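# Observations on the three-dimensional arrangement
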Amino acid sequence: MRRFFVIANWKMQVEAEEARELARETVRLWAAQGAANPAVTVAVCPPFASLDEVREEISGTPVSMGGQDCFWESRGAYTGEVSVMSLKDAGCRFCLVGHSERREYLGETDGMVRKKVRALLDTGLIPVVCIGETREERESGRRDAVVIGQLKAILEGNRPIGSQEVIVAYEPRWVIGTGQAVSPEDAASMHQLIYDTLEGMFPSDTVERQFSVIYGGSADAENIGGFLRMPVIDGCLVGKAALSAKGFVRMAEAAADIAKG
Ligand code: PEP
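As the structure is a computational prediction, the values presented were derived from the model and not from experiment. (Residues numbered from 1 in each chain as written. Predicted model: local features only at pLDDT ≥ 70, side-chain atom pairs only at ≥ 80, totals over all residues. Heavy atoms only, no water.)

## So, the overall build of the protein chain
Tallying secondary structure elements over the protein chain gives 11 helices and eight strands in all. For a compact globule of 261 residues, the expected C-alpha radius of gyration is about 18 Å, and the protein chain comes in at 17 Å, within 12% of that figure. Its C-alpha atoms give the protein chain principal-axis dimensions of roughly 50 × 45 × 35 Å. Within the span of the protein chain, comprising 261 residues, buried residues form 56% of the whole. Put simply, 74% of the contacts in the protein chain that link residues at least 6 apart link residues at least 24 apart. (Helix = DSSP H or I, 4+ residues; strand = E, 2+ residues; numbered from the N terminus. Rg over C-alpha atoms; globule rule 2.2 N^0.38 Å. Buried < 20%, exposed > 50% of the residue type's maximum accessible area, 1.4 Å probe, protein only. Contact = heavy atoms within 4.5 Å.)

Here it is, written out as structure tokens:
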């Protein structure tokens, strides 16, 4: 049976009480179905300041939680940063790293993302490594080279060991938040390229058992089925559409239906 991840990125779109409400509603709508559909992992990534409120709502439910970023050092004089251990203590199982908004507005580089991935793996959290090209990179024919370059810079020599897992989120940067996703065929060809690149870096059984590749970029309840029916697409990272619990849970339900075959 296929296994899917449907992960919400709430960005800086909610404050604590709104995050609590959104989490509560997401749990209410997914609880019974999630318990019956272990092939679909549903997670929400709230802003740091809302982690406690969200943890109270999701604990003991089939909804998991992730951070939206982390720092690579475990402790020290790093004003404003958040350690992986504190995310773990707060109840996180996942953490986004390298999101395009952080790359664009905060100068996050592949080198920084690489260190964050190591810190997450070493602490037992699952990194959700965001990569993807800009419109200009795609239009100038550099799409594949950019994506392969990001993947190698972040992951080469950064092998997940034991039961560690890595999720790669392919997010073409130019469709994020636009309501205009790329076609499932387009996304699938990039996922295949990502899998082929991973196969060149790690043994096949590591890639098969420890890596998943999910799509992000204006995915919603209407279009998710087209993506998930592609065998190389293992789930979705969802921004805008996850701000409606109903719409987001419909996406998880679509994943459950496809997982059942
Ligand atoms: C994202 O920012 O990771 C994302 C996928 O956003 P959206 O779904 O709004 O395009």
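## Quick notes on the site of the ligand
Close to the ligand lie 14 residues, the nearest being K11, H99, E171, G177 and S218. The contact in question runs from an oxygen atom of the ligand to an N or O atom on the backbone of S218, over 2.7 Å. Protein contact buries 98% of the 290 Å² of open area that the ligand shows by itself. Grouping the constituent residues of the shell around the ligand by class yields three nonpolar, seven polar and four charged. (Near = heavy atom within 4 Å. Polar contact = N/O pair within 3.5 Å; in protein donor to acceptor, adjacent residues only side chain to side chain. Areas by Shrake-Rupley, 256 points an atom, 1.4 Å probe, with all protein chains shown as cover. Nonpolar A, V, L, I, M, F, W, Y, C, P; charged D, E, K, R; others polar.)

## Digging into empty space enclosed by the protein
Counted according to the given criterion, the structure contains one cavity of 30 Å³ or more. What lines the largest cavity is G98, H99, S100, R103, C130, I131, G132, Q150, E171 and R173. When contributions to the lining of the largest cavity are tallied by element, the ones reaching two or more residues are α4 (100-106) and β5 (126-131). (1 Å grid on protein atoms, 1.4 Å probe; cavity = no way out; pocket = protein on both sides within 12 Å on 5 of 7 lines; lining within 4 Å. Points joined across faces, edges and corners; volume = space filled by probe spheres on them.)

## Description of the environment of V27
Of note, V27 is situated in helix α1 (residues 16-36). Put simply, V27 and V63 are 36 residues apart on the chain and 6.4 Å apart in space, counted from C-alpha to C-alpha. Excluding its chain neighbours within four sequence positions, the residues that come into contact with V27 are E57, I58, T61 and V63.

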